[in-house]
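The chain contents come next:
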Amino acid sequence: MSDEQAKLIQEAVAKALAGDMDMINNIEDRVTRSKAKAALVKAKREAKKSSATESEKPTSAPPVKPSAGDEKLSFIDEVVAKALAGDMDAINNIEDRITRSKAKAALVKAKREAKKAAVTSEETPQVESIPAEKSLNQKVAEAIEKKFPSSLTGDDVDGHIQLKGDDWFNIAHYLKDNPDFLFDSLQCITGFDLGLENDLEVRYNLHSMTHNHAIEIRIQTDRKNPKIPSVEQVWRIGDWFERETYDMYGIIFEGHRNMTRILLPDDWEGWPLLKDYEAQETYHGIVVPKVKEGWE
Amino acid sequence: MGVVHGDLMTLNIGPQHPSTHGVLRLRVKTDGEIISEVEPVIGYLHRCFEKHCENVTYEQVIPYTDRCDYIAAMNNNFGYAVAVEELMDLHVPDRVEHIRVIVSELNRLASHLLALGTFGLDVGAFTPFLYMFRDRERILDLFEVLCGARLLYNYIWVGGLSHDFPKGFEEKIIDFLDYFEPQLDEYNGILTYNKIFIERTADVGVLPAEVAISYGVTGPNLRGSGVKWDLRKDDTYSIYEQFDFNIPVGTGTVGTVGDCWDRYYVRMLEMTESIKIIRQAVKALPSGDVHQALPKKIRPPKGSVYKRTESPRGDLGYYIESDGSPVPYRLKMRSPAFTALSVMGEIASGWMMSDVLAILGSLDIVLGEIDR
Amino acid sequence: MTIDQLINWIPFGADWPATTFFIAVLVCALIIFIFIAAYALTAIYGEVKISSFMQDKVGPMGQGVGFHTGKFGLLQPVADALKLLLKEDIIPALADKKLFIMAPFVVFIGAFISFAALPFNQHTIVADLNIGIFYILAVGSLSVIGIILAGWGSNNKWSLYGGMRSAAQIVSYEIPAGLSIVTVIMLTGTLSMQGIIEFQTGTIWGIFPNWIIFNNPFSFIAFFLFFISGVAECNRTPFDIPEAESELVAGAFTEYSGLRYAFFFLSEYAEMFVVSAVATTAFLGGWLSPVSGYFEGPVWGLFWFMGKSLFLVFVMLWFRWTFPRLRVDQLMSVCWKVFLPFTLVNIFGVAIWSLIVG
């Protein structure tokens, strides 16, 4: 290693420790760059060690000058606080990648804690950003509530609308024909198992070719006796999607004109995508392989 | 004069048949040459993709997506990676985005070449098929240089790529495009404007736009029906908004809008657009480290995402639900070929035997993706 | 060499005329069979190689270690033939055995006996029948019976489809083909193959050979009508709907394997040659040299006849590797709505032309 290189690396590592990774990343020569990174890692490790030893004997240690790292930490705290207050831009505008991701991680952590706190004590105010304009979900939800009262269950927290199954066929028609929404395209039907103790769910992703907007609708149904009205005659692709969901979850779509299995053979037993599915022992005398060791 | 009614004969086209593009079975009721009813029967290639995904980690899903649409594996990788990245709120470096666009558009070329070639084969033209395979081979060779695999690449990872471009790969791509662009004229000469080919495909299997939308038909099939809809423009993802390209739609040049010829020709025009995109992307390719943003461990936060991307066959959607563990809680793939095939029963009834196979060919299905 | 000359050669001809005749027929049949086999092998090789050149690939090549298929893949057709001979001969359990077994031979016989009236050169013709061209058209349509037998006997829906399509197609295209030949007969006034060729000797205005194709505008059109109808009769692309591999798997031949399939194969190639040879004889001057007065003689005659015929065979291969396939109703409408009116107009045209010019 030439002297120049060594000098460069030293400089870059020093800068990186001070929080400026650009210098390292901008080193053109691959070999030098990787060496510099290695040196950086080493330096960081040593710094950690020393701080650990320092914390053991706090009395003797002189007041440590607030390092660049500490500054960053406080900055992150600040940003997270802002984000929790609804201003995500503060995070997204951070230029340095690493800091940004750290901040995001911190945000997620903070949110989780906030949620936990909300569960334990109801007095804690919900930290939720309230958009100025009504989102599409809210609009759709309001429209449904107006037209089909008491068919909504739950709110649209995660960007979906939770519905009761009873009136689904009419709601589907309404959503498809309403000029404000015009959901003329059923993108996807996803069957869903909410867990062994819970219900089954079907999720519909609707999309409008005209307005170019999309929503997600979720309908829960009893695990023991899963039944949901079919929308096959609203969106023709519902035919095959519903058959597929039936095939995998055993959810019966009432009103479907050909409710048969589509991917699996007609005489297959059980509903494979249920979480408690056990494959049948034999199928027409062929042993169904179940030992996972072979392939997992 | 009385009308003679014969009995309908039930005929199974497939599962082993030369032009079912895999193991598809069409149960048709025929009255002589006229097909009065078509019912696609699928599931012969079902490999439990979704069940597998619930048992492997997010990284391990990628090879499975390869095997769904084995003709356009890059696009499948791409769609999956984009979906998981959205779930994780992960941003990838610019170089990665550019390379992703380049390889997925190259794969689109390869996929369209196969689609058009086999469509030609379905109507009895053998030579164009081999011409197109000759050129598809070059793309596969490029991919082989890139990642060692010819069909199942496992190249686009969540947060990055498995390899950077090898040295001089950009020039190879440009060389290929320079060679390939004039070939399109050759295809047009031997197949597109062939009188017999037009006779066989124009006005055949007309798919009206509203039927297409109701059946969830997407991609070139929808555009062939005259609907200007392309996710790369209308619900843009990755860096597609940076590129300048058009969305070709069917215009009914030789027949009706939405006939087999339109679906064929839209693909032909799309190849030109893909070439444009690749040229721009190669020109703008920035430097950088493609492994920079690769997460050590993929552990998306709780939540769900439904992300669609434009695969050569249409809207390829991934619905992913994460419960915070490294294994997807539920992964559903909305495959474009699945919806495209479902429209068969609607548009293929009433045509003749040869037309049914032409219509099937024009829909460009891949059974691996339909059955998953 | 006509069969009569052969009978005269045999020394004991006078004593046992029946035996002599039988022996002579056998000898001729053997020669024709060998010719067909040799020609088919050449044609298969040609088809493979020509299609390779058209499709930008190399085709069979004898490269690398070991025997492979010889230089330039010259042994490829031999290997193909051996493969077909050695393959298991499968008869489906539910097939109608008699018909199933009979079908390939019926098809082959149709193509095979047509060769009896083909004039290879000035002297080489098995039997110069006075109804030669009529005879060829008649026995040529025997093959359709075989294909229907195959389609029905296989007890397979695809085969049945192929058989029905084939019947409709061949029977339809017989008509324009026959009517195109009528224009020739009207000009020559003879049905004998040699007679038709002899009519074409000489030149038009001292430059063009006096072939029927150049005789008048109507016969010029008649040639193309006949040739295209002939392609359709051979079930070749773009008229190969009876065996359309992307629709009907292999049509009437779906259930056949081994030697029986080889016979179908052989007769397809033989029929191609017969159609080309008839087109050559009726329109292109048969064994006549294109330059009147030069390159004449029996060897040149054979050369010209084979050259012209094989060129037409090549054109058929060319069609096959270029065109997509027609649909069955389009095929029929081309025949009945285009070809038939044209041939009828042709007949009137030639008749009037003969009255005015000739």
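Residues numbered from 1 in each chain as written. Chains lettered and ligands numbered in written order. Predicted model: local features only at pLDDT ≥ 70, side-chain atom pairs only at ≥ 80, totals over all residues.

The next thing to look at is the overall build of chain B. Assigned secondary structure in chain B consists of 15 helices and eight strands. For 372 residues, the compact-globule estimate of 2.2 N^0.38 gives 21 Å, and the C-alpha radius of gyration of chain B, at 21 Å, lies within 12% of that figure. For chain B, the spread of C-alpha atoms along the three principal axes comes to 80 × 45 × 35 Å. Relative to its full complement of 372 residues, chain B shows a buried share of 55%. Restricting to contacts in chain B with at least 6 residues of sequence separation, those with at least 24 account for 71%. (Helix = DSSP H or I, 4+ residues; strand = E, 2+ residues; numbered from the N terminus. Rg over C-alpha atoms; globule rule 2.2 N^0.38 Å. Buried ≥ 20, exposed ≤ 12 C-beta atoms within 10 Å, placed from the backbone. Contact = placed C-beta atoms within 7 Å.)

Looking now at the packing of helix H10 (residues 217-233) of chain C against helix H11 (residues 258-283) of chain C. Residue and element names in this part refer to chain C. Running from N to C, H10 and H11 point in directions that differ by 170°, and their axes come no closer than 10 Å. For the element pair H10 / H11, the angle class is roughly antiparallel. Residues Ser219, Phe223, Phe226, Phe227, Gly230 and Glu233 of H10 form the contact with H11, whose participating residues are Val275, Ala279 and Phe283. Residues belonging to the contact of H10 with H11 are distributed by class as follows: six nonpolar, two polar and one charged. (Axes fitted to C-alpha atoms, helices over the stretch in contact; angles between N-to-C directions. Parallel < 35°, antiparallel > 145°, perpendicular 65-115°, else oblique. Nonpolar A, V, L, I, M, F, W, Y, C, P; charged D, E, K, R; others polar.)

Relative to the 16 Å expected for twelve residues at 1.5 Å per residue, helix H9 (residues 238-249) of chain A spans 16 Å between its end C-alpha atoms, a close match to the ideal helical length. With twelve of its twelve residues buried, H9 of chain A lies for the most part within the structure. Every buried residue of H9 of chain A is accounted for by Gly238, Asp239, Trp240, Phe241, Glu242, Arg243, Glu244, Thr245, Tyr246, Asp247, Met248 and Tyr249 of chain A. On its buried face, H9 of chain A is in contact with strand E2 (185-193), strand E3 (200-208) and strand E6 (252-254) of chain A together with helix H12 (336-342) of chain B. (Expected span 1.5 Å × (residues − 1).)

Residues and elements named next belong to chain C. Relative to the elements of secondary structure, alanine 43 occurs in helix H2 (residues 17-54). The class for alanine 43 is buried, based on 24 C-beta atoms found within 10 Å. In this structure, the C-alpha to C-alpha distance between alanine 43 and alanine 14, residues 29 residues apart in sequence, is 41 Å. Ignoring anything within four residues of it in the chain, the contact list for alanine 43 reads Tyr269 and Val313.

Let us now look at the packing of helix H5 (residues 132-140) of chain C against H11 of chain C. Residue and element names in this part refer to chain C. Contact pair H5 / H11: the axes reach a minimum separation of 12 Å and the direction vectors enclose 160°. As judged from the angle between their axes, H5 and H11 are roughly antiparallel. The crossing of H5 and H11 is left-handed. Seen from H5, the contacting residues are Ile133, Ile136 and Gly140; seen from H11, they are Val274, Val278 and Ala282. When grouped by side-chain class, the residues that make up the contact of H5 with H11 number five nonpolar, one polar and no charged. (Left-handed = near helix turned anticlockwise from the far one by under 90°.)

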